[in-house]
Amino acid sequence: MKLENLLSDKRSSIIKEWRDAIIATYPENAQRFLRNDKDRFSNPVGHIFGKDLEDLYDGLIKEWDSERISSCLDNIIRIRAVQDFKPSLAVGFVLQLKKLIKEKLEGKAQNNGLSGELQALEDRIDEMALLAFDIYNQCRQKVYEIRVNQVRNHVGRLLEMANLTCEIPE
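Residues numbered from 1 in each chain as written. Predicted model: local features only at pLDDT ≥ 70, side-chain atom pairs only at ≥ 80, totals over all residues. Heavy atoms only, no water.

Q: Pulling in residues and values, what's your account of the packing of helix 2 (residues 11-23) against helix 4 (residues 44-61)?
A: Axis separation between helix 2 and helix 4 bottoms out at 10 Å; the angle between their running directions is 135°. One way to sum up the angle between helix 2 and helix 4 is to call them oblique. The handedness of the crossing between helix 2 and helix 4 is right-handed. Residue-level inspection shows R11, I14, I15, W18, R19, I22 and I23 of helix 2 in contact with helix 4, the latter providing G46, F49, G50, L53, E54, L56, Y57 and D58. Residue composition of the contact of helix 2 with helix 4, grouped by class: nine nonpolar, two polar and four charged. (Axes fitted to C-alpha atoms, helices over the stretch in contact; angles between N-to-C directions. Helix = DSSP H or I, 4+ residues; strand = E, 2+ residues; numbered from the N terminus. Parallel < 35°, antiparallel > 145°, perpendicular 65-115°, else oblique. Left-handed = near helix turned anticlockwise from the far one by under 90°. Contact = heavy atoms within 4.5 Å. Nonpolar A, V, L, I, M, F, W, Y, C, P; charged D, E, K, R; others polar.)

So this is what it looks like as C-alpha cells:
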C-alpha cells in the first residue's frame, strides 16, 4: 500500500484535527464561532480555513502544485498576519500537520516500507512552512506600509489645518 492511499483513508480525520489545531490558537469565544458556523458569508474565516486546509492537504499528498499551495497558504496567512499572532504561531499550523500524520499512521509507514515516502512528505511540509513564513513576512510588510502611509497622511492633514505647510517654489 502506498503512503498516498494511507493518507487518503485518514484524510477527513487529519483535516478535522488540523483545523481544530488552528482554531485552538484563538480565544475561547472565537473558537466556538469558528467551529460551529460554516457559512461562507457569516463566517468567512472558518470557511477559508476549512476549504483551504483541504486543498493544502490534497496538494501535499497527491500532487505538489506550488501555485495552488501558495494560493491556499496566502488566504490563510493573510488572515493570521493581521491578527495578534507571533510569527511562529501564525505559520506554525503547517508544521502541526507532521505530528498529526505521524499520530494517524502509528508506525504503519515503517511497517509497510514507506519511510522514504514519509520523509519526502515531511520535506514537502517543511517547504510549505518556509513558503508560509515568506508569505507572512510579505503580508506584515504590507501592513506596516499601510500604517506608515496612514500616519503620514494624518500628520500632513494636521499640518495643513494648523497652517504650518508651505509650497516649495520651483
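Q: Describe a nonpolar patch on the surface, with residues and values.
A: Judged by side-chain polarity, V151, V155, L159 and L164 come together as a nonpolar surface patch covering roughly 350 Å² of accessible area. Tracing the sequence through the fold places L159 in helix 9 (residues 115-161). On the basis of relative accessibility, which here comes to 35%, the residue L159 falls in the partly exposed class. (Patch = residues over 30% accessible without salt bridge, like charges linked within 9 Å, V, L, I, M, F, W, Y side chains within 5 Å. Areas by Shrake-Rupley, 256 points an atom, 1.4 Å probe, with all protein chains shown as cover. Salt bridge = Lys/Arg side-chain N within 4 Å of Asp/Glu carboxyl O. Buried < 20%, exposed > 50% of the residue type's maximum accessible area, 1.4 Å probe, protein only.)

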